[in-house]
Amino acid sequence: DVYVSSGRINVVIDLPAEEMEYRSTHDLAVPGFSGTPRKVAIDVGGSAMEYSQTGNSYTIAYTVTYEDGEITDYHISIKGNVYGDVEHTCTK
């Protein structure tokens with residue numbers, strides 16, 4: 001799920017094998033500037049993580065575009081040994 005709340009872009013990805021969610025937030029307010037930008041593009045090239053409890057590893061990458069108060073598009077990619085190293089995507 002990708003949404004805007006309290007001046008932040010939130011990216012939430014369910015990880016059922018871990019019984020938890022991956023969460024990442026990005027502030028819309030830029031330090032030193034006032035107000036909210038009209039357009040923001042976020043590109044997270046790949047966050048790698050491994051869970052010691054299960055031995056599962058994941059690589060999560062995403063792009064998000066925020067424009068005029070809403071999320072206009074996103075592309076999320078998740079790949080991990082729990083999925084047989086097959087990439088899964090979600091887009092808007």
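To be clear, the structure that these remarks concern was listed above.
> Looking at this structure, how should I read the pattern of salt bridges?
A side chain with one charge can pair with a side chain of the opposite charge if their charged atoms come near. Under the criterion given, the structure shown has four salt bridges. With its nearest N and O atoms 2.8 Å apart, the salt bridge here joins E21 to R23. Two residues, R38 and E67, come together in a salt bridge whose shortest N-O distance is 3.0 Å. Of this pair, R38 sits in the loop between β3 (20–27) and β4 (39–50) while E67 sits in strand β5 (residues 57–67), and the two are 29 residues apart along the sequence. Residues joined in a network through salt bridges with shared partners are R38, E67 and D68.

> Help me out: how do you make sense of the pairing of strand β6 (residues 70–80) in this one?
Consecutive residues of a regular strand have side chains that alternate between opposite faces of the sheet. Two strands pair when backbone bridges link them, and β5 and β6 are joined in this way by ten bridges, in the antiparallel orientation. When the sheet's bridge partners are listed, T65 is paired in β6 with D73. Following β5, the chain reverses through two residues before pairing antiparallel with β6; D68 in that reversal takes a positive phi of roughly 50 degrees. Where β6 lies against strand β7 (residues 88–91), four bridges are found, and the strand directions are antiparallel. The partner of H75 across the bridge, within β7, is T91.

Rules behind the numbers
- Residues numbered from 1 in each chain as written.
- Predicted model: local features only at pLDDT ≥ 70, side-chain atom pairs only at ≥ 80, totals over all residues.
- Heavy atoms only, no water.
- Salt bridge = Lys/Arg side-chain N within 4 Å of Asp/Glu carboxyl O.
- Helix = DSSP H or I, 4+ residues; strand = E, 2+ residues; numbered from the N terminus.
- Pairing = 2+ DSSP bridges.

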